[in-house]
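# Structure at a glance
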Amino acid sequence: MNFQAKTFCATLAAAFGLLGMGASNAAETAFIIPAPAVDQTPDAAGQEKAVIAGGCFWGVQAVFQHVKGVSNAVSGYAGGQATTANYDTVSNGSSGHAEAIEITYDPKQVTYGQLLQIYFSVAHDPTQLNRQGPDRGTQYRSAVFPANDGQRKVAEAYIAQLNKSGVYSKALATTVEPLKQFYPAEGYHQDYLVKHPNSMYIVINDVPKVENLAKTFPGMWRDKPVLVN
């Protein structure tokens, strides 16, 4: 669903009196899942990066902006080429890109496995194939883009672990794809939830994700989000 379609849906929802709907009534729910059995142990000081995709980047970015140990979470594109890394092209669903988030984090405060636990639990529904909520297309796929072999091993092991756990009603649709390059999205997409908290798309689809983070992972929650702009 492109930007114009999302705006239309928000207008339509308002016309039908959905402005009074609280986030608690939305369809977004958290999966209560075990921590990863395989995780990375930080072996050096400094920041690391993780790139993940799980539907519209507005809500996924907002979730990780509230995670302790995250110093930046940028909305963007991954999986395609530089020439197609723009919103209009990606929205067509033929670019190979997914709407993705690049997370910069301190592995001594939050591990890669813990980021994936949040990702699989509250940031999106990993059982949905090429869609999330009202958004459909390969650009909304569930995908992990490991930055190195260590991240790849953690991601693959965790997906296998979760598939065996019985937490989900069906197998995860999440793919593990090589990280060719991450391309930051246009400026108007950054910090979108903070800038547009009353957008109906945000209220229905994304605010519940942030609320679920606070409730499900209170030890990893920070009240003030870290912003791009």
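Bear in mind the structure is a predicted one, so any value in this text is a computation, not a measurement. As a convention, each chain's residues are numbered from 1 in the sequence order in which they are written. Side-chain atom pairs in this predicted model are given and counted only at pLDDT of 80 or more, local residue features only at pLDDT of at least 70, and totals for whole chains, interfaces and linings cover all residues. To get the side-chain values, take all heavy atoms of the structure and skip hydrogens and water.

UniProt positions are given in the numbering used here, feature names are shortened, and annotations may be inferred rather than shown by experiment. Per the UniProt record, "active site" (unreviewed entry) is found at Cys-56. Working definition: with a 1.4 Å probe on protein chains only, accessible area under 20% of the residue-type maximum means buried, over 50% means exposed, and in between means partly exposed. On the basis of relative accessibility, which here comes to 3%, the residue Cys-56 falls in the buried class.

All right, on to the packing of aromatic side chains then. Each aromatic pair joins two rings of Phe, Tyr and Trp (for Trp, the six-membered one) with centres within 6.5 Å, and gets the label stacked for planes under 30 degrees apart, edge-to-face for over 60, and tilted for any other angle. Scanning all chains against the criterion turns up seven aromatic pairs. Taking the centre distance of 5.8 Å and the plane angle of 55 degrees together, the rings of Phe-57 and Tyr-77 count as tilted. On the criterion of sequence distance, the pair formed by Phe-57 in helix H2 (residues 57–64) and Tyr-77 in strand E2 (residues 70–78) is long-range, its members being 20 residues apart. For Phe-57, a relative accessible area of 0% puts it in the buried group. With 3.7 Å between their ring centres and 5 degrees between their planes, Trp-58 and Tyr-192 make a pair best called stacked. Here the residue Trp-58 occupies a position in helix H2, and Tyr-192 occupies one in helix H6 (residues 192–195), the gap between them amounting to 134 residues. Both residues of the pair, Trp-58 and Tyr-192, count as buried. Every member of this aromatic cluster is reached through a ring pair, and the members are Phe-57, Tyr-77 and Tyr-87. A helix here means a DSSP run of H or I that spans at least four residues, while a strand means a run of E at least two residues long, and both kinds are numbered starting from the N terminus.

What follows concerns empty space enclosed by the protein. Of the two site types, the cavity is a set of points on a 1 Å grid over the protein atoms alone where a 1.4 Å probe fits but cannot get out, and the pocket is an open set with protein on both sides within 12 Å along at least five of seven lines, each lined by residues with an atom within 4 Å of a point. Grid points are joined across faces, edges and corners, and a volume is the space filled by probe spheres set on the points. Within this structure, the stated rule accounts for one cavity of 30 Å³ or more. Considering only enclosed or pocket space, the largest cavity measures out at about 60 Å³ in volume. Forming the walls of the largest cavity are Glu-28, Gly-55, Cys-56, Gln-132, Gly-133, Pro-134, Asp-135, Tyr-201, Asn-205, Asp-206 and Lys-209. Among the elements that take part in the lining of the largest cavity, helix H7 (residues 200–216) stands out by supplying four residues, more than any other. Charged means Asp, Glu, Lys or Arg here, nonpolar means Ala, Val, Leu, Ile, Met, Phe, Trp, Tyr, Cys or Pro, and polar covers whatever is left, Gly included. Looking at the lining of the largest cavity, its residues break down into three nonpolar, four polar and four charged.

Let's shift gears to H2. Burial of H2 is extensive: eight of the eight residues sit out of reach of the surface. Within H2, burial applies to Phe-57, Trp-58, Gly-59, Val-60, Gln-61, Ala-62, Val-63 and Phe-64.

For helices, the axis comes from a line fit to the C-alpha atoms of the stretch in contact; other axes are also lines fit to C-alpha atoms, and the angle between any two N-to-C directions lies between 0 and 180 degrees. Direction vectors running N to C along helix H4 (residues 112–123) and H7 enclose 125 degrees, while the axes themselves pass 9 Å from each other. One finds that H4 runs oblique with respect to H7. When the axes of H4 and H7 are compared, the crossing they make is right-handed. Residues Ile-118, Ser-121, Val-122 and Ala-123 of H4 form the contact with H7, whose participating residues are Lys-209, Asn-212, Leu-213 and Thr-216. Our angle categories are set so that under 35 degrees counts as roughly parallel, over 145 as roughly antiparallel, 65 to 115 as roughly perpendicular, and the remainder as oblique. Helix crossings get a hand from a simple test, with the near helix turned counterclockwise from the far one by less than a right angle marking a left-handed crossing and a clockwise turn marking a right-handed one. Contact definition: two residues touch when any of their heavy atoms are within 4.5 Å.

To continue, consider the nonpolar core. Grouping buried Ala, Val, Leu, Ile, Met, Phe, Trp, Tyr and Cys residues that are joined through side-chain atoms within 4.5 Å yields what is termed a nonpolar core. Phe-64, Ile-103, Leu-115, Leu-116, Ile-118 and Phe-120 are the most contacted members of the largest nonpolar core, which has 50 residues in total. Ranked by the residues each element gives to this core, the list is headed by H4, at eight residues. The contacts of Leu-116, once residues within four sequence positions are left out, are Ile-52, Val-144, Val-154, Ala-155 and Tyr-158. Counting residues in each nonpolar core, the second largest holds nine residues, with Ala-78, Ala-98, Ala-100 and Phe-182 among its members.

Pairing is mixed in the open sheet, where six strands are placed in the order E7-E6-E1-E3-E2-E8. The two strands at the open ends of the sheet, each matched to only one other strand, are strand E7 (175–176) and strand E8 (182–184). The criterion for strand pairing is that DSSP finds at least two bridges linking the strands in question.

For the rest of this paragraph, the subject is H4. Residue pairs three or four apart in sequence face the same way in an α-helix, which turns once every 3.6 residues. Taking burial as the measure, the twelve residues of H4 include eleven buried ones, the bulk of the element. The complete set of buried residues in H4 reads Tyr-112, Gly-113, Leu-115, Leu-116, Gln-117, Ile-118, Tyr-119, Phe-120, Ser-121, Val-122 and Ala-123.

Turning next to the side chain of His-97. Residue position: His-97 is located in the loop between helix H3 (87–90) and strand E3 (98–105). A residue is classified by how much of its surface remains accessible, and His-97, at 0% relative accessible area, is buried. Side-chain polar atoms of His-97 contact the backbone nitrogen of Gly-80, separated by 3.1 Å. Polar contact is the term for a pair of N or O atoms within 3.5 Å; when the atoms are in protein, one must be able to donate a hydrogen and the other to accept it, and sequence-neighboring residues count only if both atoms are side-chain atoms. Side-chain polar atoms of His-97 contact the side chain of Thr-84, separated by 3.4 Å. Every residue in contact with His-97, bar those within four places of it in the chain, is listed here: Tyr-77, Ala-78, Gly-79, Gly-80, Gln-81, Thr-84, Ala-85, Val-90, Thr-138, Gln-139, Arg-141 and Tyr-183.

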